[in-house]
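# Examining the three-dimensional arrangement
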Amino acid sequence: MSNCNIIPIIFCILTAVTTVLSQFVPFFMKKPLHSKMLCSSLFFLTGISAAIISRFSEYSLLMVAALFFGLLGDFWLDYKNSKYFMTGVLFFSIGHIIYLYTFIVRCQPSLWLYRKQIILGFLALCVAAVLEVVIDKIRFPKGRRIMILYSFLLMFSFIFAVSRGTVSIINGEKEFGLCLVAAGGLFLLSDTFLAVSLYGKPKLKCNDKLVALTYFPAQALFALSILFS
């Protein structure tokens, strides 16, 4: 691995380290939005540096675009005490749509050969989602029912990220595949923790911290996948 290739890995590690600091060190905790955007900037820099190394391939450009919308979503979710929360959700939705387009259409081989497994996986995920809603008593208020649609979009994003990653691992692209599988799983966990915090009754005292501790590494791993694409 060349010296240049190490740069995205360093940014990825810094994302994880800064995320931990933002959740446990008082200096960072006093300015949550600033700390959040620092973490977001680091996962975005992971993607940018990896894209430069890959000479801005189609995959890298699409992933950087998705990461950028994630960065925007991070800001608007918390800006002015979450006054523009739904604007943040909109940006995240655009990011997930780009992820879906990338994993389904712009990557090879076609996932059509694995459609049965993907459908079974999605059905199993739906069952798990229903159980989660019941167990943690998640209820979307009247003005936030659109979050149900976002939840389905997130589930599709997870399924196809993991499917693309698994197929890549089978085909020998282990680093690339592992990045996608881990990123998809962590992203789903993060938004699950967030949904429980906002609309349910969390059973874990550290639930809010788990949102960040899973989300930022997820985005950093999506960004790092560019290096191995």
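This structure is a prediction, so every number in the text was calculated from the model and none was measured.

## Some remarks on unusual backbone geometry
A cis amide bond, omega 0 degrees, links Gln 108 with the succeeding residue Pro 109. Take Pro 109: it is sitting in the loop between helix H5 (85-104) and helix H6 (115-135). Of note in the backbone geometry, Phe 56 takes a positive phi value of approximately 50 degrees without being a glycine. Locating Phe 56 in the fold gives a position in the loop between helix H3 (32-53) and helix H4 (58-82). Even without glycine at this site, Lys 137 takes up a positive phi of about 50 degrees. Looking at where Lys 137 falls in the secondary structure, it is placed in the loop between H6 and helix H7 (147-170).

## Details of the packing of aromatic side chains
Each aromatic ring pair is described using two quantities: the centre-to-centre distance and the angle formed by the ring planes. Taken as a whole and assessed by the stated rule, the structure comprises 21 aromatic pairs. With centroids separated by 5.9 Å and ring planes inclined at 50 degrees, the aromatic side chains of Phe 44 and Phe 68 adopt a geometry described as tilted. Of this pair, Phe 44 sits in helix H3 while Phe 68 is found in helix H4, placing the two residues 24 residues apart along the sequence. Residue classification places Phe 44 among the buried positions, given a relative accessible area of 18%. According to the relative accessible area criterion, Phe 68 is partly exposed, its value standing at 37%. With a centroid separation of 6.4 Å and an interplanar angle of 50 degrees, the aromatic rings of Phe 187 and Phe 222 are classed as tilted.

## Some words on the packing of helix H8 (residues 174-199) against helix H9 (residues 207-228)
Packing of H8 against H9 leaves a shortest axis separation of 7 Å and a crossing angle of 155 degrees. Here H8 lies roughly antiparallel to H9, going by the angle between them. For the element pair H8 and H9, the recorded crossing hand is left-handed. Taken together, the residues of the contact of H8 with H9 break down into 20 nonpolar, 7 polar and 2 charged.

The rules behind these values
- Residues numbered from 1 in each chain as written.
- Predicted model: local features only at pLDDT ≥ 70, side-chain atom pairs only at ≥ 80, totals over all residues.
- Heavy atoms only, no water.
- Helix = DSSP H or I, 4+ residues; strand = E, 2+ residues; numbered from the N terminus.
- Phe/Tyr/Trp six-rings, centres within 6.5 Å; stacked < 30°, edge-to-face > 60°.
- Buried < 20%, exposed > 50% of the residue type's maximum accessible area, 1.4 Å probe, protein only.
- Axes fitted to C-alpha atoms, helices over the stretch in contact; angles between N-to-C directions.
- Parallel < 35°, antiparallel > 145°, perpendicular 65-115°, else oblique.
- Left-handed = near helix turned anticlockwise from the far one by under 90°.
- Nonpolar A, V, L, I, M, F, W, Y, C, P; charged D, E, K, R; others polar.

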